[in-house]
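# Working through the structure, step by step
What follows is each chain in one-letter form.
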Amino acid sequence: MSFQSLNLPDYLLEALDALSYTQPTKIQEEGIPIVLEGQDLMGEAQTGTGKTAAFALPTIKMLQELPQKKKKTSVLALVLVPTRELALQVSKAFKSYAKYTPRETKVISLIGGEPIEIQIRGLRMGVDIAIATPGRLLDLIEREEIRLYELEILVLDEADKMLDLGFSEELEQVFSKIPEKRQNLLFTATMPEKVEALSVSILKDPTVIRIEEDQASTNIEQRAIEVNEDKKRSLLQHLIKSENWEQTLIFVASKRSARNLAGKLSKNGIKASDFHGDLNQGERSNILNKFKDRKLNILIATDLAARGIDILELSCVINYDLPRSAKDYTHRIGRTGRAGASGVAISFITYETQDHFKLIEERTNNSINREQIPGFEMNGEAPVKVKGEAPKKGKRKSKKDRLKEQKSKGKPSFPYKKMGDDL
Ligand code: AMP
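Below is a short write-up of the structure. Note that the coordinates shown come from a computational prediction; the quantities given were computed from them, not determined experimentally.

Moving on to the overall build of the protein. Broken down by element type, the protein carries 17 helices and 16 strands. Summarising the internal contacts of the protein: among those between residues at least 6 apart in sequence, 74% fall at separations of at least 24. Accessible surface for the protein amounts to roughly 20000 Å². Of this, 47% is attributable to carbon and sulfur atoms.

Dropping the structure here:
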């Protein structure tokens with residue numbers, strides 16, 4: 001299958017050629033014709049499958065073919081995304097695909113963390129496609145600075161993440177402010193009930209495309225290394241020095257861990273930056289650009305900040321701390337092995353997290369061999385922590401005893417906090 005056979009115009013083929021996209025990915029192959037026919041679409045696909053081009057290419061073509069709009073400041077296509085990083089990335093993709101359109105295609109990002117006045121100025125100068133995070137969009141709607149009455153296409157990207165981040169009310173408000181007659185495209189990596197409900201409420205007779213996880217991640221080699229909690233950092237340093245990874249993304253559980261680990265690695269001569277929700281937008285863009293330009297090879301990130309990081313040649317992802325859920329695991333490892341490239345995803349498994357990892361394996365239909373690295377083996381004696389005291393060496397309690405103890409303390413079985421509170 002080629003892009004030509006998808007009925008795309010020359011100005012898009014030229015742009016794809018410049019980007020060295022030789023053939024469509026599965027979601028593009030299946031999705032582009034559906035969007036071009038004007039149908040609503042529900043795409044179950046993760047980042048890395050090429051979903052952005054699957055909605056951006058037909059959107060650009062369709063907008064080019066519309067008659068002249070009434071007002072140059074009217075938005076014709078609106079893409080809602082959960083994070084600022086993803087908004088910038090999607091805008092960049094739209095701009096590169098629309099580079100050669102006969103009629104200029106104006107793309108704008110409307111995101112928090114940047115002065116609203118600049119975005120207002122941009123909107124007043126004329127716009128066709130807006131990529132927005134829900135909060136900032138509503139702010140602009142309330143100030144009557146954005147015209148949505150000529151809207152043709154609405155895209156909800158990473159809908160599951162938008163709902164996880166608590167944007168459902170904002171989304172409802174946005175839906176009430178835009179024309180009812182429009183084409184809707186919804187993309188989500190997972191299908192929890194709340195996404196199902198959202199899709200029922202906004203999609204009209206949609207065609208559903210499902211890109212299975214194994215189709216999305218076949219290029220990713222998954223490894224699981226067993227190590228004691230207190231040896232994780234030295235193991236990481238050893239791997240960074242001995243393996244020849246180029247761009248490495250390391251996931252940790254909290255902002256504090258990200259800062260600590262980056263600091264400690266840097267002290268040991270390994271240049272690394274932390275990347276999380278405490279950094280402002282300027283700092284985040286700056287670090288990300290350095291990472292993309294390969295001036296920085298190691299990024300230590302929390303789950304929230306890592307959403308939307310798109311670096312094609314990312315060779316390695318490390319779960320230094322395990323993710324909370326199977327969904328986050330899939331999302332994290334999907335940061336590597338993108339669009340046909342190969343990658344490795346390594347998870348550090350400790351005594352404390354081995355049951356949790358088994359659960360992730362079950363839920364992702366995976367079975368990953370456990371490895372031990374000489375010099376960093378997980379030994380039979382795990383430190384037992386007693387609240388208020390330094391860790392003592394001792395025999396690990398049985399799973400049954402641990403669960404009993406947790407239950408009596410009313411604690412969840414996994415030691416991390418609630419989603420989104422420290423990212
Ligand atoms: P996405 O899933 O949209 O975030 O895309 C993941 C990455 O794959 C992005 O860096 C795209 O530029 C790239 N990509 C998308 N489609 C193709 C394609 N057909 N051929 C090569 N690379 C692609």
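Residues in contact with the ligand amount to 15 residues; listed here are only the nearest, Tyr-21, Gln-28, Gly-48, Gly-50 and Thr-52. Within the backbone of Lys-51, a nitrogen or oxygen atom sits 3.3 Å from an oxygen atom of the ligand. Between the ligand and the protein, one listed contact pairs an oxygen atom with a side-chain N or O atom of Thr-52 at 2.6 Å. Within the complex, 88% of the 490 Å² of free accessible area of the ligand lies under protein. Each residue belonging to the shell around the ligand can be placed in one class, and the counts come to 5 nonpolar, 8 polar and 2 charged. Counting the residues that make up the shell around the ligand, at least three belong to each of domain 1 (4-211) and domain 2 (215-371).

Let's shift gears to the pairing of strand β12 (residues 316-319). Residues of β12 alternate between two faces, with Cys-316 and Ile-318 on one and Val-317 and Asn-319 on the opposite face, all of them buried. As judged from the 4 bridges shared by strand β9 (residues 248-251) and β12, these two strands associate in the parallel manner. Of the residues in β12, the one forming a bridge with Phe-251 is Asn-319. Sheet topology note: the β12/strand β13 (residues 343-349) ladder contains 4 bridges and is parallel. Following the sheet pairing, Cys-316 is matched in β13 by Val-344.

Now for the nonpolar core. Counting residues in hydrophobic clusters, the biggest one holds 42 residues, and the most contacted among them are Leu-8, Phe-55, Leu-57, Phe-94 and Ile-131. Mapped by element, the contributors of at least two residues to this core are α1 (10-18), α2 (26-36), α3 (51-65), β2 (77-80), α4 (84-97), β4 (129-132), β5 (153-156) and β6 (183-188). Ranked by residue count, the leading element in this core is α3, at 8 residues. Leave out the neighbours within four places in its chain, and Phe-55 touches Val-79, Val-90, Phe-94, Val-155, Asp-157, Leu-185 and Phe-187. Residues Leu-78, Leu-137, Leu-151 and Phe-167 belong to the second largest nonpolar core, which totals 34 residues.

Looking now at helix α6 (residues 134-142). Turning to α6, its buried residues are Pro-134, Arg-136, Leu-137, Leu-138, Leu-140 and Ile-141. Glu-144, located one to two residues past α6, shows a positive phi value of around 55°.

Okay, the environment of Thr-105 next. Among the structural elements, Thr-105 can be located in the loop between α4 and β3 (107-110). Residue classification places Thr-105 among the buried residues on the basis of a relative accessible area of 14%. Considering only alpha carbons, one finds Thr-105 and Ile-60, 45 residues apart in sequence, at a separation of 7.7 Å. Residues contacting Thr-105, with those up to four places away along its chain left out, are Ile-60, Gln-64, Ala-98, Asp-128 and Ile-129. Side chain to side chain, Thr-105 and Thr-101 meet in a polar contact 3.1 Å long.

Quick look at the pattern of salt bridges now. Tallying each qualifying case throughout the model produces 19 salt bridges. Its salt-bridge partner being Asp-157, residue Lys-51 comes within 2.8 Å of it at the nearest N-O pair. One end of the pair, Lys-51, is in helix α3; the other, Asp-157, is in the loop between β5 and α7 (159-164), with 106 residues separating them in the sequence. Assessed through its relative accessible area of 0%, Asp-157 is described here as buried.

In spatial order, the strands read β3-β4-β2-β5-β6-β1-β7; together these 7 strands make up an open sheet with parallel pairing. The open sheet is flanked by β3 and β7 (207-210), the only strands paired with a single partner. Each neighbouring strand pair of the sheet contributes to a mean axis angle of 15°, computed without reference to strand direction. Where β2 lies against β4, 4 bridges are found, and the strand directions are parallel. Across the sheet, Leu-78 pairs through a bridge with Ala-130, a residue of β4. Of the strands in this sheet, β1 (41-44), β6 and β7 touch α2, which is tilted by about 170° from β7. The sheet strands contacting helix α9 (residues 193-202) are β1, β5 and β6, and the helix crosses β6 at an angle near 170°.

Reading the values: the criteria
- Residues numbered from 1 in each chain as written.
- Predicted model: local features only at pLDDT ≥ 70, side-chain atom pairs only at ≥ 80, totals over all residues.
- Heavy atoms only, no water.
- Helix = DSSP H or I, 4+ residues; strand = E, 2+ residues; numbered from the N terminus.
- Contact = heavy atoms within 4.5 Å.
- Areas by Shrake-Rupley, 256 points an atom, 1.4 Å probe, with all protein chains shown as cover.
- Near = heavy atom within 4 Å.
- Polar contact = N/O pair within 3.5 Å; in protein donor to acceptor, adjacent residues only side chain to side chain.
- Nonpolar A, V, L, I, M, F, W, Y, C, P; charged D, E, K, R; others polar.
- Domains from an automatic or database assignment.
- Buried < 20%, exposed > 50% of the residue type's maximum accessible area, 1.4 Å probe, protein only.
- Pairing = 2+ DSSP bridges.
- Core = buried A, V, L, I, M, F, W, Y, C linked by side-chain atoms within 4.5 Å.
- Salt bridge = Lys/Arg side-chain N within 4 Å of Asp/Glu carboxyl O.
- Axes fitted to C-alpha atoms, helices over the stretch in contact; angles between N-to-C directions.

Everything listed is a geometric property; what it means functionally is a separate question.
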